[in-house]
Amino acid sequence: MTDQATQLVAAARDAARNAHAPYSRFAVGAAVLLDDGTVITGANFENASYGLSLCAETVAIATASAAGRLRDIVAIGVIGGAMDADGRATGTSPVSPCGRCRQVINEAAQMGGRDLPVHCGAAEGDAIRTYTVSELLPDAFGPADLGVS
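The rules behind these values
- Think of each chain on its own: its residues are numbered from 1, step by step along the sequence as written.
- In view of the model being predicted, local features appear only for residues whose pLDDT reaches at least 70, and side-chain atom pairs are presented and counted only at 80 or more, with totals across whole chains, interfaces and linings using the full set of residues.
- To get the side-chain values, all heavy atoms of the structure are used, and hydrogens and water are removed first.
- Residues belong to one nonpolar core when they are buried, are Ala, Val, Leu, Ile, Met, Phe, Trp, Tyr or Cys, and are joined through side-chain atoms within 4.5 Å.
- Accessible area is worked out with a 1.4 Å probe on protein chains only. A residue is then buried under 20% of its type maximum, exposed over 50%, and partly exposed in between.
- What counts as a helix is a DSSP run of H or I of at least four residues, what counts as a strand is a run of E of at least two, and both are numbered from the N terminus.
- Here, two residues are considered to be in contact whenever any of their heavy atoms come within 4.5 Å of each other.
- Counted as a polar contact is a pair of N or O atoms within 3.5 Å, where, for protein atoms, one must be capable of donating a hydrogen and the other of accepting one, and residues adjacent in sequence contribute only when both atoms are in side chains.
- Here, a salt bridge means any Lys or Arg side-chain nitrogen found within 4 Å of an Asp or Glu carboxyl oxygen.
- In this analysis, the expected span of each helix is defined as 1.5 Å times one less than the number of residues it contains.

### Quick word on the nonpolar core
At step 1: In terms of nonpolar packing, the biggest core is built from 22 residues, with Val32, Ile61, Ile73 and Ile105 touching the most fellow members.
At step 2: Counting residues per element, the ones that place at least two in this core are strand S1 (26–34), helix H2 (56–66), strand S3 (73–82), helix H3 (99–112), strand S4 (117–122) and helix H4 (133–136).
At step 3: Aside from chain neighbours lying at most four places away, what touches Ile61 is Val32, Leu70, Ile73, Ile76, Val104, Ile105 and Ala108.
At step 4: Core analysis: the second largest hydrophobic core is formed by 17 residues, Ala16, Ala27, Val74 and Ile79 among them.

Next comes the structure, spelled out in structure tokens:
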């Protein structure tokens, strides 16, 4: 386990404490690392109209983009787990991004010209699996396919 993975998973765990997940009771936190060492976090934000919910990874990446830093993302960490009675994420198995989030991460990866590492951690314990976005979403469609870089 790398220091980067440990740092991002810890930040994602902290972010998951702020998850608004009253419907699924599944908290997710994400943390993106920028090229200058800045870490931006996000937590899932559910809505009674389920389709309007936001995933933690999307929140973190959109926050980086809103700050003009989309191309500066160099890595991402994500955790998730069922919420206990106090609203904390639980579980010892690493959680990986959903398909929609993989596409959003791919956008950041292609815009930054990097095959981003994605550190998938457990809500509790030391389990972390690291993938590249190209491993999570092979043959992805993205900005390069539209001539945008």
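### Remarks on the side chain of His119
At step 1: Position of His119 among the secondary structure elements: in strand S4.
At step 2: Of the polar contacts made by the side chain of His119, one reaches the side chain of Thr130; its length is 2.8 Å.
At step 3: For His119, the contacting residues outside a window of four places in its chain are Thr2, Gln4, Ala5, Leu8, Val9, Ala75, Ile76, Gly77, Val78, Ile128, Arg129 and Thr130.

### What to know about the environment of Arg129
At step 1: For Arg129, the position within the fold is in strand S5 (residues 128–132).
At step 2: Apart from residues no more than four positions distant in its own chain, Arg129 is found in contact with Pro94, Val118, His119 and Cys120.

### Brief notes about the pattern of salt bridges
At step 1: What the rule picks out here adds up to six salt bridges.
At step 2: Close ionic contact of Arg69 with Asp35 constitutes a salt bridge, the shortest N to O distance being 3.3 Å. With Arg69 in the loop between H2 and S3 and Asp35 in the loop between S1 and strand S2 (39–43), the pair connects residues that are 34 residues apart, well separated along the chain.
At step 3: Of the charged contacts in the structure, one is a salt bridge between Arg69 and Asp72, with a shortest N-O distance of 2.4 Å. With respect to burial, Arg69 and Asp72 carry one shared label: buried.

### Some details on H3
At step 1: Between its first and last C-alpha atoms H3 spans 20 Å; for 14 residues at 1.5 Å apiece the expected length is 20 Å, and the two agree.
At step 2: Those residues of H3 that fall on the buried side of the exposure criterion are Cys101, Arg102, Ile105, Asn106, Ala108, Ala109 and Met111.
At step 3: The inward-facing, buried residues of H3 abut H2, S3, S4 and H4.
At step 4: Trailing H3 by a residue or two, Gly113 shows a phi angle of about 65°, which is positive.

Functional significance is not addressed by these values, which are geometric in nature.
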